[in-house]
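If you want the building blocks of each chain, they are given just below.
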Amino acid sequence: MEVTQPLVHTLGRSLMQRYGKRLRRVMLDLGLTCPNRDGSTGYGGCIYCDLAGSGTGAAQRQEDLDTQWAVGLKRARRTNPQGAAAILYFQSYSNTYPELAPLAAALDHIRQWADVAPILAIGTRPDCFSEEAAHLLAQQLPYFDEVWIEFGLESADDAIQKAIGRHDTLENFYLACARAQKHGLHRIAHCIAGLPGEQENGLGKQVREVIRAQCEGIKFHQLMVLRKTKLAKMWMDGQVELLTAEAYIQQVANALEILPPEILVHRLVAEAAAEEYLAPKPWPGRQKVHSAIELELQSRGSFQGKFASIQ
Ligand code: SF4
(Lines give C-alpha, C1' and ligand atoms only; values in the text may rest on other atoms or scores of the structure.)
Protein backbone atom coordinates (compact mmCIF):
# COMPACT_ATOMS: atom_id res chain seq x y z
CA MET A 1 0.00 0.00 0.00
CA GLU A 2 1.34 3.42 -0.92
CA VAL A 3 1.95 5.70 2.08
CA THR A 4 1.29 9.33 1.20
CA GLN A 5 3.55 11.92 2.77
CA PRO A 6 1.88 14.96 4.33
CA LEU A 7 2.24 18.17 2.33
CA VAL A 8 3.08 20.08 5.51
CA HIS A 9 4.91 18.65 8.52
CA THR A 10 2.74 20.00 11.27
CA LEU A 11 3.40 19.85 14.98
CA GLY A 12 -0.05 18.39 15.62
CA ARG A 13 0.59 15.42 13.35
CA SER A 14 4.03 14.84 14.83
CA LEU A 15 2.74 14.89 18.43
CA MET A 16 -0.12 12.57 17.51
CA GLN A 17 2.35 10.05 16.09
CA ARG A 18 4.54 10.35 19.16
CA TYR A 19 1.98 10.39 21.96
CA GLY A 20 -1.05 8.80 20.28
CA LYS A 21 -3.21 11.77 21.29
CA ARG A 22 -3.49 15.49 20.85
CA LEU A 23 -1.44 17.88 22.95
CA ARG A 24 -3.00 21.30 23.40
CA ARG A 25 -1.36 24.39 24.78
CA VAL A 26 -2.32 25.53 28.26
CA MET A 27 -1.42 29.20 28.41
CA LEU A 28 0.25 30.48 31.57
CA ASP A 29 0.72 34.18 32.14
CA LEU A 30 3.23 35.57 34.63
CA GLY A 31 2.27 39.20 34.02
CA LEU A 32 5.87 40.24 33.37
CA THR A 33 6.97 42.93 30.97
CA CYS A 34 9.26 43.43 28.03
CA PRO A 35 12.30 45.69 27.44
CA ASN A 36 10.33 47.15 24.60
CA ARG A 37 7.66 48.40 26.97
CA ASP A 38 9.53 49.53 30.06
CA GLY A 39 11.93 51.86 28.25
CA SER A 40 15.04 49.64 28.15
CA THR A 41 14.84 49.39 24.37
CA GLY A 42 11.54 51.18 23.72
CA TYR A 43 8.25 52.38 25.14
CA GLY A 44 4.78 51.07 24.38
CA GLY A 45 5.85 47.90 22.60
CA CYS A 46 5.84 46.68 19.02
CA ILE A 47 3.15 48.30 16.87
CA TYR A 48 1.02 45.14 16.86
CA CYS A 49 1.34 44.19 20.54
CA ASP A 50 -1.69 44.69 22.76
CA LEU A 51 -1.75 45.55 26.44
CA ALA A 52 -1.68 41.89 27.44
CA GLY A 53 1.71 41.44 25.74
CA SER A 54 0.21 39.08 23.16
CA GLY A 55 -0.98 36.80 25.94
CA THR A 56 -4.11 35.92 27.90
CA GLY A 57 -4.09 38.79 30.40
CA ALA A 58 -4.72 36.23 33.17
CA ALA A 59 -2.13 37.78 35.49
CA GLN A 60 -3.80 41.19 35.11
CA ARG A 61 -7.02 39.52 36.19
CA GLN A 62 -5.17 38.27 39.30
CA GLU A 63 -5.51 34.62 38.31
CA ASP A 64 -2.80 32.50 39.95
CA LEU A 65 -1.07 29.64 38.15
CA ASP A 66 -3.30 26.97 39.71
CA THR A 67 -6.40 28.73 38.36
CA GLN A 68 -4.83 29.26 34.95
CA TRP A 69 -3.86 25.57 34.80
CA ALA A 70 -7.32 24.35 35.84
CA VAL A 71 -9.11 26.60 33.34
CA GLY A 72 -6.61 25.86 30.57
CA LEU A 73 -6.68 22.10 31.03
CA LYS A 74 -10.47 22.06 31.06
CA ARG A 75 -10.49 23.99 27.79
CA ALA A 76 -7.83 21.70 26.30
CA ARG A 77 -9.97 18.67 27.15
CA ARG A 78 -13.32 20.11 26.16
CA THR A 79 -13.88 17.68 23.29
CA ASN A 80 -12.41 14.64 25.01
CA PRO A 81 -12.10 14.66 28.82
CA GLN A 82 -9.81 11.59 28.82
CA GLY A 83 -7.83 12.64 25.78
CA ALA A 84 -5.65 15.61 25.26
CA ALA A 85 -2.44 16.07 27.13
CA ALA A 86 -0.94 19.51 27.43
CA ILE A 87 1.95 21.77 26.58
CA LEU A 88 2.67 24.22 29.39
CA TYR A 89 3.06 27.46 27.49
CA PHE A 90 4.33 30.74 28.90
CA GLN A 91 3.46 33.03 26.01
CA SER A 92 2.89 36.61 27.07
CA TYR A 93 5.54 39.34 27.21
CA SER A 94 9.19 38.24 27.61
CA ASN A 95 9.22 35.50 30.22
CA THR A 96 12.94 35.77 30.97
CA TYR A 97 12.77 39.51 31.65
CA PRO A 98 13.44 41.66 33.67
CA GLU A 99 14.69 39.03 36.11
CA LEU A 100 14.50 35.27 36.28
CA ALA A 101 13.04 34.93 39.77
CA PRO A 102 9.31 34.91 38.76
CA LEU A 103 9.90 32.33 36.05
CA ALA A 104 12.10 30.21 38.35
CA ALA A 105 9.40 30.18 41.04
CA ALA A 106 6.74 29.31 38.47
CA LEU A 107 8.83 26.46 37.09
CA ASP A 108 9.24 25.01 40.59
CA HIS A 109 5.47 25.08 40.94
CA ILE A 110 4.38 23.70 37.57
CA ARG A 111 6.62 20.63 37.54
CA GLN A 112 3.87 18.81 39.44
CA TRP A 113 1.84 18.86 36.19
CA ALA A 114 4.54 17.30 34.02
CA ASP A 115 2.85 13.89 33.93
CA VAL A 116 -0.12 15.47 32.10
CA ALA A 117 1.96 18.13 30.32
CA PRO A 118 5.16 16.54 29.01
CA ILE A 119 6.33 19.61 27.09
CA LEU A 120 7.31 23.01 28.45
CA ALA A 121 7.35 26.04 26.12
CA ILE A 122 8.62 29.52 26.98
CA GLY A 123 8.29 32.61 24.80
CA THR A 124 10.82 35.42 25.00
CA ARG A 125 12.80 37.93 22.96
CA PRO A 126 16.26 36.96 21.70
CA ASP A 127 17.80 39.95 23.50
CA CYS A 128 16.33 38.71 26.82
CA PHE A 129 17.82 35.23 26.62
CA SER A 130 20.88 35.25 28.86
CA GLU A 131 23.18 32.39 29.74
CA GLU A 132 21.44 32.24 33.14
CA ALA A 133 18.04 31.97 31.44
CA ALA A 134 19.27 29.13 29.25
CA HIS A 135 20.71 27.38 32.30
CA LEU A 136 17.43 27.73 34.23
CA LEU A 137 15.46 26.20 31.38
CA ALA A 138 18.00 23.42 30.87
CA GLN A 139 17.44 22.49 34.53
CA GLN A 140 13.85 21.61 33.57
CA LEU A 141 14.92 18.96 31.05
CA PRO A 142 14.88 16.05 33.55
CA TYR A 143 11.20 16.78 34.26
CA PHE A 144 9.86 17.27 30.73
CA ASP A 145 10.25 15.36 27.46
CA GLU A 146 11.23 18.60 25.73
CA VAL A 147 11.74 22.23 26.63
CA TRP A 148 10.98 24.70 23.84
CA ILE A 149 12.13 28.25 23.72
CA GLU A 150 10.12 30.42 21.34
CA PHE A 151 11.93 33.42 19.90
CA GLY A 152 10.28 36.17 17.95
CA LEU A 153 12.10 36.81 14.68
CA GLU A 154 9.22 38.69 12.97
CA SER A 155 11.46 40.18 10.25
CA ALA A 156 14.90 39.33 8.90
CA ASP A 157 15.47 43.03 8.28
CA ASP A 158 16.77 45.04 11.26
CA ALA A 159 15.49 48.26 9.71
CA ILE A 160 11.95 46.86 9.79
CA GLN A 161 12.45 45.68 13.38
CA LYS A 162 13.29 49.27 14.22
CA ALA A 163 10.44 50.75 12.19
CA ILE A 164 7.85 48.57 13.92
CA GLY A 165 9.24 49.54 17.31
CA ARG A 166 10.59 46.09 18.06
CA HIS A 167 14.26 47.02 18.49
CA ASP A 168 15.78 43.55 18.37
CA THR A 169 18.22 42.26 15.77
CA LEU A 170 18.94 39.31 13.54
CA GLU A 171 22.30 38.91 15.25
CA ASN A 172 20.58 38.58 18.63
CA PHE A 173 18.32 35.92 17.14
CA TYR A 174 21.37 33.89 16.09
CA LEU A 175 23.11 34.30 19.42
CA ALA A 176 19.98 33.25 21.32
CA CYS A 177 19.41 30.21 19.07
CA ALA A 178 23.03 29.10 19.49
CA ARG A 179 22.77 29.50 23.26
CA ALA A 180 19.55 27.48 23.41
CA GLN A 181 21.08 24.75 21.27
CA LYS A 182 24.11 24.54 23.55
CA HIS A 183 21.77 23.88 26.48
CA GLY A 184 19.69 21.22 24.73
CA LEU A 185 16.59 23.39 24.27
CA HIS A 186 14.37 23.22 21.19
CA ARG A 187 14.15 26.46 19.24
CA ILE A 188 10.94 27.70 17.69
CA ALA A 189 10.96 30.86 15.57
CA HIS A 190 7.97 33.15 15.22
CA CYS A 191 7.63 34.81 11.80
CA ILE A 192 5.20 37.49 10.60
CA ALA A 193 4.07 38.11 7.03
CA GLY A 194 2.98 41.54 5.92
CA LEU A 195 4.74 43.97 8.25
CA PRO A 196 4.90 47.56 6.94
CA GLY A 197 7.95 47.88 4.68
CA GLU A 198 8.37 44.11 4.26
CA GLN A 199 8.80 42.92 0.68
CA GLU A 200 6.76 40.10 -0.82
CA ASN A 201 9.64 37.68 -0.16
CA GLY A 202 10.03 38.84 3.45
CA LEU A 203 8.63 35.60 4.83
CA GLY A 204 11.00 33.60 2.63
CA LYS A 205 13.94 35.61 3.99
CA GLN A 206 12.85 34.80 7.53
CA VAL A 207 12.61 31.11 6.69
CA ARG A 208 16.18 31.13 5.37
CA GLU A 209 17.38 32.65 8.65
CA VAL A 210 15.39 30.09 10.65
CA ILE A 211 17.14 27.33 8.67
CA ARG A 212 20.56 28.91 9.22
CA ALA A 213 19.87 29.17 12.96
CA GLN A 214 18.95 25.44 12.91
CA CYS A 215 15.59 25.89 14.59
CA GLU A 216 13.47 22.80 15.17
CA GLY A 217 10.15 24.58 14.69
CA ILE A 218 8.49 27.60 13.09
CA LYS A 219 5.27 29.55 13.50
CA PHE A 220 3.72 31.54 10.63
CA HIS A 221 1.61 34.50 11.53
CA GLN A 222 -0.20 37.13 9.43
CA LEU A 223 -0.04 40.75 10.57
CA MET A 224 -3.27 41.35 12.49
CA VAL A 225 -4.64 44.65 13.73
CA LEU A 226 -5.85 44.35 17.32
CA ARG A 227 -7.58 46.97 19.43
CA LYS A 228 -5.49 49.18 21.70
CA THR A 229 -2.32 48.86 19.63
CA LYS A 230 -0.25 51.43 17.77
CA LEU A 231 -1.04 49.51 14.61
CA ALA A 232 -4.76 50.07 15.14
CA LYS A 233 -4.22 53.84 14.95
CA MET A 234 -1.95 53.51 11.90
CA TRP A 235 -4.55 51.34 10.17
CA MET A 236 -7.40 53.72 10.99
CA ASP A 237 -5.27 56.58 9.61
CA GLY A 238 -4.75 54.61 6.39
CA GLN A 239 -1.01 54.25 6.92
CA VAL A 240 -0.79 50.46 6.52
CA GLU A 241 -1.82 48.06 3.84
CA LEU A 242 -2.65 44.57 5.10
CA LEU A 243 -2.26 41.28 3.27
CA THR A 244 -5.37 39.67 1.89
CA ALA A 245 -5.94 36.04 2.85
CA GLU A 246 -5.12 35.05 -0.75
CA ALA A 247 -1.77 36.85 -0.66
CA TYR A 248 -0.94 35.34 2.74
CA ILE A 249 -1.71 31.83 1.48
CA GLN A 250 0.64 32.36 -1.49
CA GLN A 251 3.43 33.70 0.75
CA VAL A 252 3.17 30.81 3.21
CA ALA A 253 3.08 28.26 0.38
CA ASN A 254 6.24 29.85 -1.07
CA ALA A 255 7.91 29.77 2.35
CA LEU A 256 6.96 26.13 2.93
CA GLU A 257 8.53 25.08 -0.34
CA ILE A 258 11.97 26.11 0.92
CA LEU A 259 11.44 24.87 4.50
CA PRO A 260 13.15 21.51 5.13
CA PRO A 261 10.69 18.76 6.11
CA GLU A 262 12.41 18.13 9.45
CA ILE A 263 11.45 21.63 10.69
CA LEU A 264 8.03 21.26 12.28
CA VAL A 265 5.34 23.81 11.52
CA HIS A 266 3.82 24.80 14.85
CA ARG A 267 1.37 27.25 13.35
CA LEU A 268 0.22 28.17 9.83
CA VAL A 269 -1.96 31.13 10.72
CA ALA A 270 -2.75 33.24 13.79
CA GLU A 271 -6.08 33.84 15.48
CA ALA A 272 -7.27 36.47 17.92
CA ALA A 273 -10.27 36.92 20.16
CA ALA A 274 -13.18 38.42 18.19
CA GLU A 275 -13.54 41.30 20.65
CA GLU A 276 -9.88 42.31 20.11
CA TYR A 277 -9.72 41.79 16.35
CA LEU A 278 -10.05 44.63 13.83
CA ALA A 279 -8.42 43.57 10.55
CA PRO A 280 -7.71 42.18 7.97
CA LYS A 281 -11.30 41.35 7.06
CA PRO A 282 -12.72 39.25 5.62
CA TRP A 283 -10.42 36.53 6.91
CA PRO A 284 -11.29 32.82 6.75
CA GLY A 285 -11.08 30.64 9.87
CA ARG A 286 -7.93 28.75 10.79
CA GLN A 287 -9.00 25.44 9.27
CA LYS A 288 -9.95 27.11 5.97
CA VAL A 289 -6.54 28.78 5.74
CA HIS A 290 -4.82 25.44 6.48
CA SER A 291 -6.82 23.75 3.73
CA ALA A 292 -6.20 26.60 1.29
CA ILE A 293 -2.42 26.41 1.87
CA GLU A 294 -2.43 22.65 1.30
CA LEU A 295 -4.60 23.06 -1.79
CA GLU A 296 -2.21 25.69 -3.12
CA LEU A 297 0.75 23.33 -2.63
CA GLN A 298 -1.21 20.51 -4.24
CA SER A 299 -2.11 22.65 -7.25
CA ARG A 300 1.60 23.41 -7.71
CA GLY A 301 2.51 19.71 -7.38
CA SER A 302 4.52 20.84 -4.41
CA PHE A 303 5.05 20.19 -0.69
CA GLN A 304 7.07 21.40 2.30
CA GLY A 305 10.74 21.24 1.41
CA LYS A 306 10.35 20.78 -2.36
CA PHE A 307 13.05 23.39 -2.95
CA ALA A 308 14.81 23.05 0.41
CA SER A 309 18.08 21.79 -1.05
CA ILE A 310 18.47 24.48 -3.70
CA GLN A 311 18.59 27.68 -1.71
S1 SF4 B 1 8.58 42.04 22.04
FE2 SF4 B 1 6.69 40.84 22.39
S3 SF4 B 1 5.87 41.46 24.41
FE4 SF4 B 1 7.44 42.97 23.76
S5 SF4 B 1 6.25 44.62 22.83
FE6 SF4 B 1 6.92 43.25 21.17
S7 SF4 B 1 5.25 41.74 20.92
FE8 SF4 B 1 4.91 42.80 22.89
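Cut-offs applied
Residues numbered from 1 in each chain as written. Predicted model: local features only at pLDDT ≥ 70, side-chain atom pairs only at ≥ 80, totals over all residues. Buried ≥ 20, exposed ≤ 12 C-beta atoms within 10 Å, placed from the backbone. Helix = DSSP H or I, 4+ residues; strand = E, 2+ residues; numbered from the N terminus. Pairing = 2+ DSSP bridges. Right-handed = clockwise from strand over helix to strand, strands pointing away. Axes fitted to C-alpha atoms, helices over the stretch in contact; angles between N-to-C directions. Parallel < 35°, antiparallel > 145°, perpendicular 65-115°, else oblique. Left-handed = near helix turned anticlockwise from the far one by under 90°. Contact = placed C-beta atoms within 7 Å. Nonpolar A, V, L, I, M, F, W, Y, C, P; charged D, E, K, R; others polar.

## Some thoughts on the pairing of strand 5 (residues 186–193)
- Burial runs high along strand 5: seven of the eight residues are buried.
- For strand 4 (residues 146–154) and strand 5, the ladder comprises six bridges, and the chain directions are parallel. For phenylalanine 151, the partnering residue across the bridge sits in strand 5 and is alanine 189.
- Relative to strand 6 (residues 217–222), strand 5 runs parallel, the two sharing six bridges. Paired with alanine 189 across the two strands is isoleucine 218, which belongs to strand 6.
- Handedness of the strand 5-helix 7 (residues 202–212)-strand 6 crossover: right-handed.

## A word on the pairing of strand 1 (residues 23–28)
- Of all six residues that make up strand 1, five are buried, and the element is covered over most of its length.
- Where strand 1 meets strand 2 (residues 85–90), six bridges bridge the pair, whose relative direction is parallel. Bridge pairing in strand 2 places arginine 24 opposite alanine 86.

## Some details on the packing of helix 9 (residues 245–258) against helix 10 (residues 286–299)
- Two elements in contact, helix 9 and helix 10, have axes whose closest approach is 9 Å; the angle formed by their N-to-C orientations is 55 degrees. As the angle between them shows, helix 9 and helix 10 are arranged oblique. In this structure, the crossing between helix 9 and helix 10 has a hand that is right-handed. Each of Ala245, Ile249, Gln250, Val252, Ala253 and Leu256 in helix 9 lies in contact with helix 10, whose residues at this interface are Val289, Ala292, Ile293, Glu296 and Leu297.
- Considered class by class, the residues forming the contact of helix 9 with helix 10 number nine nonpolar, one polar and one charged.

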